[in-house]
Amino acid sequence: MRTIKYTNQVSLVFPSRSANEAFTRSAAAAFAAQLDPTLDELGDIKTAVSEAVTNAIVHAYPDSLGKVELKLRLYPGNELEIIVRDWGVGIPDIEKARTPLFTTGNEERSGMGFTIMESFMDSLKVKSAPGKGTTVTMRRRIALRAGGKV
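Numbering of residues starts from 1 in every chain and runs along the sequence as written. Only residues with pLDDT of at least 70 are given local features in this predicted model, and only at 80 or more are side-chain atom pairs given and counted; all residues enter the totals for whole chains, interfaces and linings. Hydrogens and water molecules were not included; the side-chain quantities draw on all heavy atoms of the structure.

Enquirer: Hey, could you run me through the nonpolar core in this one?
Expert: In a soluble, globular protein the nonpolar side chains are often hidden away together inside. In this description, a nonpolar core means a group of buried Ala, Val, Leu, Ile, Met, Phe, Trp, Tyr and Cys residues linked to one another through side-chain atoms lying within 4.5 Å. For the exposure calls, accessible area comes from a 1.4 Å probe over protein chains only, and a residue counts as buried if that area is under 20% of its type's maximum, exposed if over 50%, partly exposed in between. Counting residues in each nonpolar core, the largest one holds 32 residues, and the members touching the most others are Ile45, Leu80, Ile82, Val84, Val136 and Met138. Secondary structure is summarised from DSSP: a helix means a run of H or I of at least four residues, a strand means a run of E of at least two, and numbering begins at the N terminus for each. Broken down by secondary-structure element, the contributors of at least two residues to this core are helix 1 (19-32), helix 2 (39-60), strand 2 (67-75), strand 3 (79-86), helix 4 (113-120), strand 4 (123-129) and strand 5 (133-141). A total of nine residues in this core trace back to one element, the largest contributor, which is helix 2. Setting aside chain neighbours within four positions, we find Met138 in contact with Ala48, Val49, Ala52, Leu80, Glu81, Ile82, Met117, Met121, Ser123 and Leu124. Two residues form a contact once any of their heavy atoms are found within 4.5 Å.

This is the structure in structure tokens:
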């Protein structure tokens, strides 16, 4: 199996403060703009990033500040990869965590984060280990527009 090399990448590391969620949404949208997405596609990307980053902020570090990384990569074929990683408490049961309406947060949490990410992205992978953190990897192919670049 041949590994496809990304054509561009950025990485942001930030403290798990809720104020940083809005910044990461904007950063992801700005990076994805290279692919000439529609406003709907940008909205989907921003929503998925918001859910993943919010999960890391709220659930990975429930009682302390920690480190979160957002990595954005472009691949040939107009594909965007979004990786959100934390080094927090981890997820003991990923399958259960991906069940709609399941949450480890308070009553303000809907438990729909992974479901929303999955609905806006072409693929969603979650890797986690208790006490070691979680990595969420999402991919989305952006449709080529008439006269667009390849």
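Enquirer: How do you make sense of the pairing of strand 5 when you look at a structure like this?
Expert: A regular strand places its side chains so that they alternate between the two faces of the sheet. Pairing of strand 3 with strand 5, which is carried by eight bridges, proceeds in the antiparallel orientation. In the sheet register, Ile82 faces strand 5, and the bridge partner there is Met138. Note that strand 4 and strand 5 share seven bridges and pair antiparallel. Residue pairing across strands places Leu124 opposite Met138, the latter belonging to strand 5. Pairs of strands are assigned from DSSP output, requiring at least two bridges between the strands.

Enquirer: Would you take a moment to explain helix 1 for this structure?
Expert: Along an α-helix, residues three or four apart share an orientation, since each turn contains 3.6 residues. All of the buried residues in helix 1 are Asn20, Glu21, Thr24, Ala27, Ala28, Ala29, Phe31 and Ala32. Residues of helix 1 that are buried in the fold lie against strand 1 (8-15), helix 2, strand 2 and strand 3.

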